[in-house]
Each structure stands twice: as C-alpha cells, then as structure tokens.
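Listed below, chain by chain, are the residues.
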Protein chains: 2
Amino acid sequence: MHHGANAPSPAGGPERGPRASDGPPVHGARPTMKDVAARAGVGLKTVSRVVNGEPGVLPGTAALVQRAIDELGFRRNDSARQLRTGRTAGIGLVMEDVADPFYSLLNGAVEEVARSHGSLLFTASSEDDPRRESELALALCSRRVDGLIMVPAAEDHTYLLPEIAAGLALVFADRPPVGLTADTVLVDNAQGARDGVAHLIAHGHRRIGYIGDSSRIYTSTQRLSGYRQAMAEAGAPIDESWIALGPSDQARVGDALDHLLDPRREYPITALFTGNNRLTVAVLRELAERQRAQRVTGVPTPGGTPGLALVGFDDFELADLLTPAITVVAQDPAGLGRTSAQLLFARLAGDGSPPRHIVLPTVLVPRGSGELPPPD
Amino acid sequence: MHHGANAPSPAGGPERGPRASDGPPVHGARPTMKDVAARAGVGLKTVSRVVNGEPGVLPGTAALVQRAIDELGFRRNDSARQLRTGRTAGIGLVMEDVADPFYSLLNGAVEEVARSHGSLLFTASSEDDPRRESELALALCSRRVDGLIMVPAAEDHTYLLPEIAAGLALVFADRPPVGLTADTVLVDNAQGARDGVAHLIAHGHRRIGYIGDSSRIYTSTQRLSGYRQAMAEAGAPIDESWIALGPSDQARVGDALDHLLDPRREYPITALFTGNNRLTVAVLRELAERQRAQRVTGVPTPGGTPGLALVGFDDFELADLLTPAITVVAQDPAGLGRTSAQLLFARLAGDGSPPRHIVLPTVLVPRGSGELPPPD
DNA sequence: ATGAAAGCGCTAACAC
DNA sequence: GTGTTAGCGCTTTCAT
C-alpha cells in the first residue's frame, strides 16, 4: 500500500522535463496571485476580484482567471489577507480538556456556530493550569483571532486587558473572569445543586454527603453553596465531615468514600451528592468495586449503589442504562457553548452594549438512584 | 470591541488628554514593533530580536525594549510573521465530529502532541459530509497550516494533490485516502471484528447478528469482513438477513433489532456483534426499552440484553458498569491521534521517507456480555 | 472594467 | 551589538 517515494509528478502533466506552461503545481512552489495574473494575462487586482467574488469583472475575464487558478493550483494565502484586512475569520476556545465529554460537547457547539459565521476554530486545552491558560490565550491573541471564548482556570485575567483594549472580543463560559468585567455565560450551579439535594431530602434523606471538586474552582464552590442552602432550608444540620472536596481522580474519590462510608460512623450518611460527572462516575466505579470485593456496605443494590441514594451534577451518557439509573442535575454544555459563541459573534458584528451576564438553568432528571429511600 | 473608531494615535505618543506617555493600551490601536522601537529609542530589528529571544542584544537594551513592550501592551502579530517565514506553527485536524467521545479522545491526543511541538491546532468537524470535508481541508490550506490530519469522509482526495505538491504535510487517520498515497494510520478493523466474533463463537454461538455502520464507510466494511472471516473459519453459515448496515441513529437500530429478533424466526440469533460504540449504545438502549415495555424476548437479563450475548467494536465509558458489563473490541483513539500527529511532525521535521502505513492493534476486553452462553 | 502603487507588520540579509 | 533595507502576498486607494 505504498508507492514510490517522492513522486515528482504532481498529477496531470507529463513528468520529467519542467514542462513549458501547463500542469498544476510545481513542487514546493506556492503560486501567488501575481503568478495567476501573469498566466491569465491580467492585472493582479483582477485576480483578487475573481478570487473574492467581487463584482466588476467581465465574465470572460473571470473565466480566464479561473482557468489560470485551476491550472496553477492556486490557493489564496490567508496570512497575507489577514495582515491586510486585520480580520482572521478565526476564533479561539480555551478550556480544560477537549477530550472530556462535557467540554467536547461545548466545543462542538462553538464550532457549529463559528462555522455558520464562516470562522474557523482554534481549540486549546488548559488542563486547568492557570499558566497554560494564559499562554494559550495570548498565543491565540498573537494569531489575532477575532474573538476568544474562555473557560477560565486562572484566578486573574487582567493579563487580557491590553488585548481587550486592542479590540479582542472575549466571552467567558462556565466560570466568570476575575479582575475584569466581560461577557459571561454561566450555569445556575447553586440552584442546580440545591434542587438536587432538595430532591434527596424530599425522598426522606437528612444525612447527605457531598463529594465535590476542588474549592479553587468556581463551579465547585457554587454547587457546595447550593448544597448548604438546601440543607439549611430543610433544617438538616450538616456534619462538615460529610463534605469532601478535591480532585476528581479515582484514588481521591476512593479515599473520600472510605471516609464517608466508614462503618464506625454512628450516623452514617444515607445519600450522596456528587459535584460533577467525573466524580459521579468515579463514585459509581468505587461503589461497584467495593460491592465486588466485600459485599459488605449495606444492601448490595445492583449497579453499585449499596443502598446509598445518589444524585450527580452533570448528565452523562449511559446514566439512564445503569442499574439503578442515575438521577442527575443536567446542565446543557452545548447550550453553554452555543450561547457563548452567539454572544461573541454578536460582539464581532458590532454589538456594543454593556457586558452581558447570562445564566442558564439546570434540569433535574430523576432516574432511580436519587429516589431510593433511606434504609430506615 | 466597540468604543472609538480609529484612534489616529499609534500609541505612545501623547494623544492629547489621557496620559502623557504611560499606561498600556490605547484603545483600538495595536502597537507594532515600530511603535515599541520608537518608544524604547532603538531600532526595529532590536525589538524583533528581543521579542524572539534572539542573541546579540545587550541586557540593558533588552530591558529597555521589554519595558516598552509591557507599557504598550505589545503582542507580536503572527499573521505578519507567518507571511514572512512561511510557517504558521499551526496544524489542522478534520474529522467527523469533535463532540463524539471517540473523536474527542483522538482530538485530545493530537492537541497534546501539537502543543509539545509548539503548534496550535485547528479542529474542524466534517459531519461525515464529503463536501464539507473538502471545504474545511481547503480552508485550512488557505490558512497555510503546516500540516493536516484527516479522518476522511470523502471518496476522492485528489483535490489535495496540489496542496501536497505545494508542500502540505498530510496524514490520514482511521480511514485511508482514496486516489492518492499518503501517510496513513489505521486500526486493524478486520482482525478486531474477527476476534470479537470468534470470541462469541468460542462461547458456543453460531447464529450471530451483525449491526454495522453504512457500507460507505471504510471501517465498516473492514469490520464486516472480519465478521465474515470469523464465521467462515468456524464453519458457521451466515444468513444474510443477520446483517444490518446503516446509520447509527436510534430509529434505524430499533428497526434492525425488530428484524433480527423477530420472534417468527425459526432459528433466532443468539448473539450480536455491533460495529461501533454508537451502535452498541443504541442497541443497549433499545434492548432496555424492549425489556421495560414487553418483558418478552428471552430471559430479561438485568441491564438490557435479554439473553442475547453482545460484543461491540469500540470501548466506551461505563461499559464496565453496566449489568452485564459489555465485552468490547477496544481500539485506542488517543493512540490513533498521537501516532498520526507524531508522524505528521516527523514529516515537518524533514522526514522524507516513503509514505508510511501504520496499523494499530485492537484489544478484546471480556466483561460479561460477550461470555453469555446461548440459551440452548 | 481594469490596473499601478502603496503598505499591512514582520523577518531575512546585509550594512555599520 | 545594532540599524537599514527589502520584501513575504495580499487588499486598499486611486488612476485610467
């Protein structure tokens, strides 16, 4: 399934012998508009007009030019165009991780909107590292993207002030900026968590654990505060040892569960609220493992929640097919991306109104795990 | 973003009123190297040297320049740089859908490699539409990306010949190109499917259904051929009505299952092989629904496979937590992306060897659903 | 309807 | 060590 090495012949022409004046691409040489103009026997500007579909070219001339374009395999150099026009028809998206299901949906929605506006999209993953975030954001600024959508990781975004002043359109998604005011699209994290926890309470739970993301992260503290609100509203006291914040990796979650489900606890928790999809999945995996390994903690409910009721923030694929199916507080990552991108393009189209602040609602999706009653 | 139109003052000069000669950004005006040079009282080239970390600048001068840079909020214009150097330090990735879990993992791996080489990544989704694929690919070529990784949808890639001739580095991932020879990284689809089906056969099945993607798609036909091979090797005759090819949407899969599980069949299938992750999930969802609705087809195994053994091509998150857990033929989307990207950057670094053709192995992951015995 | 000239902001090649 | 000059390929402006 491989041929010769570097076929010198580009296709279409008799190879060997540099050929006189036909056959498209000569290796390594990018034809320019000047080349096309020379070949078509017209002026440079006429080529430009044809390439850009500008009016004021006789059909015959246009055809001539088009033929030269095809023969030469010409493709307009957008770097040069950008330098001249100042517009790149490209936008940037900086977020935690393109490979994460939540962010990949956001990414997809942004891309869709960008496409509909004729823009291409640079996507970059910050890995939630503030330094990397600013590196990437500034690299995109050097590229002179027309606009930037950021899911910020940093705790200070003043480094973007010069860019904004210079005309960068900027929208923050999922988390607000720090140190400056800009368009922001958020999810109602507190209300969502509150709904989720209230749901558990409505099903008879009073001792509810909370496994959340690091308190460094905006959404995490918002969700925790929703948890506290729901508990307070129900008059349910919170034992601070029920709250476990930290990274979303399996090991940390395992430790947190060990602590939360410690059989020596006098009043064990009967329900659990998890602060994001990765935590929810990690919890499910831990519970399943515990069940396989020890078959001890409570009634081994099939699917991994040993009698423990569970509601998770974020929906995730297959949540509905687990046993029991997992009740979640669903956000709309695609909606987040779409809204942010639409806002960005509105700015690029000249919308000069004051910075907007949009909050998207969440939806509680009962599926089973959140409706399990307490053991009692 | 909005605000005043064209500030006539380039920056740095006293623009009447606001500040005399300090404070970074003057609105709307992007400072250039020339501005920085003027402000620092040095030549243009010296600024260039400092910005690019080139040697041959006295520390004192460099500090002077750096100060001017910071004060002005200067950021190098990469469009101009690219025009001059011919390199964009950017690569492109065209694939079906960034939001798909499989592709988002591939995307993440490509991005990681790009980053390690100092490149930014354009990602574009073709939606499996040939025209869109070529539009996007050519748009990226206009941007003069240094290289392009494509998961092709089109059936003809000759449109890329001029670009290759002009120096574009090009790697095809997951599916081979048509009409030209280029670096290609594939997965051993036939062998993987063969392994999966052989696994079912080893567990006593002889009547095995196959739900696959449209035969338009390369990987789909490869996998189907693996299915046929495994059956042939076992001397198991194939009833062509067991094979259902088509799109991966829920409705189509539902229809296919209706047909496959038709209770009027004299010899019903006892096992099913699904051709990709979306099909597998769609099947699981359909089976779960049937179980809820009718509780008829076979023994209602918890989790949705009513006695039907199931092996799916592609791993997917939570496959291990379903009941029964789903046996899969796992490919490595990240490996696919990483390998492709490494190959691309090797080319960009000057590797001029003949086009390479890499095939990555699959791994059978037994989890339960593929080890269910036939009802008999 | 068409073209010639100027210049976008930068770097490469040389001066000094 | 530093500055000057020339252009990268295109669009803009203004002639014709």
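Our subject is the structure listed above.
The structure displayed is predicted, hence computed values, not measured ones. (Residues numbered from 1 in each chain as written. Chains lettered and ligands numbered in written order. Predicted model: local features only at pLDDT ≥ 70, side-chain atom pairs only at ≥ 80, totals over all residues. Heavy atoms only, no water.)

Trainee: With reference to specific residues and values, describe the relation of the copies chain B and chain A.
Mentor: The relation between the two copies of this chain is a rotation about an axis and a shift parallel to it. Of the transformation placing chain B onto chain A, the axial shift is 0.1 Å and the rotation is 180°, giving an RMSD of 0.1 Å. Accordingly, the operation relating the two chain copies is best matched by a two-fold axis. The residues that chain B uses at the interface reappear at the interface of chain A in 93% of cases, marking a shared surface. (Least-squares fit on C-alpha atoms with pLDDT ≥ 70 in both. Contact = heavy atoms within 4.5 Å.)

Trainee: I'd love a proper account of the packing of helix α1 (residues 33-40) of chain A against helix α3 (residues 59-72) of chain A, names of residues and values included.
Mentor: Helix-helix packing is characterised by the crossing angle of the two axes and by the distance between the axes. All names here are of chain A. The interhelical angle for the contact between α1 and α3, taken along N-to-C directions, is 120°, at an axis separation of 9 Å. For the element pair α1 / α3, the angle class is oblique. α1 and α3 meet at a crossing whose hand is right-handed. Counted together, Asp-35, Val-36, Arg-39 and Ala-40 of α1 and Leu-64, Val-65, Ala-68, Ile-69, Glu-71 and Leu-72 of α3 form the full contact between these two elements. (Axes fitted to C-alpha atoms, helices over the stretch in contact; angles between N-to-C directions. Helix = DSSP H or I, 4+ residues; strand = E, 2+ residues; numbered from the N terminus. Parallel < 35°, antiparallel > 145°, perpendicular 65-115°, else oblique. Left-handed = near helix turned anticlockwise from the far one by under 90°.)

Trainee: Now, about the pairing of strand β9 (residues 309-313) of chain A: what can you tell me, with residues and values included?
Mentor: Residue and element names in this part refer to chain A. Most of β9 is tucked away, with 5 of its 5 residues classed as buried. Relative to β9, strand β8 (residues 271-274) is paired through 4 bridges, and the arrangement is parallel. Note that in β9 the partner of Ala-271 across the bridge is Ala-309. With 3 bridges joining them, β9 and strand β10 (residues 327-330) adopt parallel strand pairing. Bridge pairing in β10 places Phe-313 opposite Val-329. (Buried < 20%, exposed > 50% of the residue type's maximum accessible area, 1.4 Å probe, protein only. Pairing = 2+ DSSP bridges.)

Trainee: If you had to explain the protein's contact with DNA strand C to someone new, which residues and values would you point to?
Mentor: Not every one of the 25 residues close to DNA strand C is listed here, only the nearest: A:Gly43, A:Thr46, A:Thr61, A:Arg84 and B:Met33. Sugar and phosphate atoms represent 61% of those atoms of DNA strand C found within 4 Å of the protein. One of the side-chain N or O atoms of B:Arg81 is found 2.9 Å from a phosphate oxygen in DNA strand C. A distance of 2.8 Å separates a base oxygen of DNA strand C from a polar side-chain atom of B:Arg84. If you tally residues by element for the surface near DNA strand C, the top one is helix α4 (residues 78-85) of chain B, at 5 residues. (Near = heavy atom within 4 Å. Polar contact = N/O pair within 3.5 Å; in protein donor to acceptor, adjacent residues only side chain to side chain.)

Trainee: So, the interface of chain B and chain A: which residues are in play, and what are the values?
Mentor: Much of the literature gives interface size as the accessible area that the parts lose upon coming together. Taken together, the contact between chain B and chain A spans 71 residues of the former and 77 residues of the latter. Across the chain B/chain A interface, buried area totals approximately 6,600 Å², and carbon plus sulfur atoms make up 54% of it. Across the chain B-chain A interface, the total number found is 10 salt bridges. The tally of links from chain B across to chain A stands at 24 residue pairs in polar contact (both at pLDDT 80 or more). Looking at the side of chain B that touches chain A, the elements that each hand over two or more residues are α4, α5 (101-116), β2 (120-125), α6 (130-142), α7 (161-165) and α11 (277-293) of chain B. Its residues assigned to classes, the side of chain B that touches chain A shows 35 nonpolar, 20 polar and 16 charged. (Buried area = accessible area lost by both parts, 1.4 Å probe. Salt bridge = Lys/Arg side-chain N within 4 Å of Asp/Glu carboxyl O. Nonpolar A, V, L, I, M, F, W, Y, C, P; charged D, E, K, R; others polar.)

None of this, on its own, says anything about what the molecule does.
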